[in-house]
Amino acid sequence: MSAISRLNTARFLASGLVARAEHYEELPSTQDRARQCAGETVCLMPLLIVADRQTAGRGRQGNSWWTGSGSLAFSLLFDPAEFGCPRRPAPRLALAVGAAIVDAVAPRATDHGRGHCVGLHWPNDVYFGDGKLAGVLVEVLPDGRHIVGIGLNSNNSAAEAPPELRRQVATLLDLTGRMHDPTQLLIDILDCLTTRLRQLGADDPALGESFGALCLQHDQMLTLYLGDRAVTGRCAGIARDGALILDTPEGRRQFYAGTLRPPPPHLPLRERAV
Ligand code: BTN
């Protein structure tokens, strides 16, 4: 393993951003290890769990997560009250995490003038053009502590992804043609996350405004699935409160939940049952 691809746990601790850090070559899922630690009688927080490989990485809605070799996979266990945030599920928190990843990654990513940039796809994915750079999974424990899991396609290549994912994945290595120091990347993400969580806790309007500014889906036709219903509309951005804004044939509507999937080719551009 080259020096640049090696994680340096001592540097995470020295950054002062976490109180405890564990680094594994392989884990089933960093989320599960964080959950296990949360059950300890005394657990220093924020706690960072990083793994080079995950054998059972989890995504949202029961999906699995491909942890490509060289990618970053980590979980952070923390008490949201330490940042002034509520100890309950809040959609804006997941978006704040997405915004923090964009803050940290955007200065490293350039497409050499082709016009793409790093930004958000509602509800909280980080994209570059049509490719997913990072995913965020937020789990809330019964006592209100949060486990935020982040998978970032950093020093891995989409060419090594399972064939069905290859066209959906963007990686920092593929975009920039160079390796990125994972320790510094992680420290920068944690730093930006601290800032965004403090903004959330302070109800700083800058956070809500950034959701709209970072949204890459403006003007795209999107289909949102809500249980057995589908709503198709033109995206008018992400609202300050974290809602997806769609201009539908029935007018402008805001959504706080649902799953975005490509529309079936035959779907008329109006709300209908599927
Ligand atoms: C998604 O986009 O569906 C969310 C993906 C979250 C993946 C990360 S990788 C680190 C952490 N451990 C997991 O098992 N999942 C999250």
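Relevant structure appears above.
About the thresholds
- Residues numbered from 1 in each chain as written.
- Predicted model: local features only at pLDDT ≥ 70, side-chain atom pairs only at ≥ 80, totals over all residues.
- Heavy atoms only, no water.
- Helix = DSSP H or I, 4+ residues; strand = E, 2+ residues; numbered from the N terminus.
- Rg over C-alpha atoms; globule rule 2.2 N^0.38 Å.
- Buried < 20%, exposed > 50% of the residue type's maximum accessible area, 1.4 Å probe, protein only.
- Near = heavy atom within 4 Å.
- Polar contact = N/O pair within 3.5 Å; in protein donor to acceptor, adjacent residues only side chain to side chain.
- Areas by Shrake-Rupley, 256 points an atom, 1.4 Å probe, with all protein chains shown as cover.
- Contact = heavy atoms within 4.5 Å.
- Salt bridge = Lys/Arg side-chain N within 4 Å of Asp/Glu carboxyl O.

**Q** Any chance you could explain the overall build of the protein chain here in plain terms?
**A** A tally of helices and strands in the protein chain yields 6 helices and 13 strands. Relative to the globule expectation of 19 Å for 274 residues, the C-alpha radius of gyration of the protein chain, 18 Å, shows essentially globular dimensions. Each principal axis of the C-alpha distribution contributes one length, and for the protein chain these read about 55 × 40 × 30 Å. Across the 274 residues that make up the protein chain, the buried fraction comes to 51%.

**Q** Which parts of the structure should I look at to understand the site of the ligand?
**A** Around the ligand sit 20 residues, and of these S29, T30, R58, R60 and K132 come closest. One of the side-chain nitrogen or oxygen atoms of Q54 is found 2.9 Å away from a nitrogen atom of the ligand. Protein contacts shield 98% of the accessible area of the ligand, which totals 410 Å² for the unbound molecule. Looking at the shell around the ligand, the elements that each hand over two or more residues are helix 2 (30-38), strand 3 (72-78), strand 6 (131-140) and strand 7 (146-152). The element best represented in the shell around the ligand is strand 6, accounting for 4 residues.

**Q** Please clarify how the environment of A161 should be interpreted in this entry.
**A** If you trace the backbone, A161 turns up in the loop between strand 7 and helix 4 (172-176). Along the sequence, A161 and G68 sit 93 residues apart, while their C-alpha atoms lie 6.8 Å from each other. If we ignore the near neighbours within four places in the chain, the residues touching A161 are W66 and R166.

**Q** When you look at the pattern of salt bridges in this model, what are you seeing that I'm missing?
**A** If the charged atoms of two oppositely charged side chains come close together, the side chains can form a pair. Taken as a whole and judged by the stated rule, the model has 16 salt bridges. The salt bridge involving R196 is made with D103; its shortest N-O contact spans 2.7 Å. One end of the pair, R196, is in helix 5 (residues 182-201); the other, D103, is in helix 3 (residues 91-105), with 93 residues separating them in the sequence. Judged by relative accessible area, R196 falls into the buried class, the value being 10%. R108 is the salt-bridge partner of D188, the closest N and O atoms lying 2.7 Å from each other. Of this pair, D188 sits in helix 5 while R108 is found in the loop between helix 3 and strand 4 (118-121), placing the two residues 80 residues apart along the sequence.

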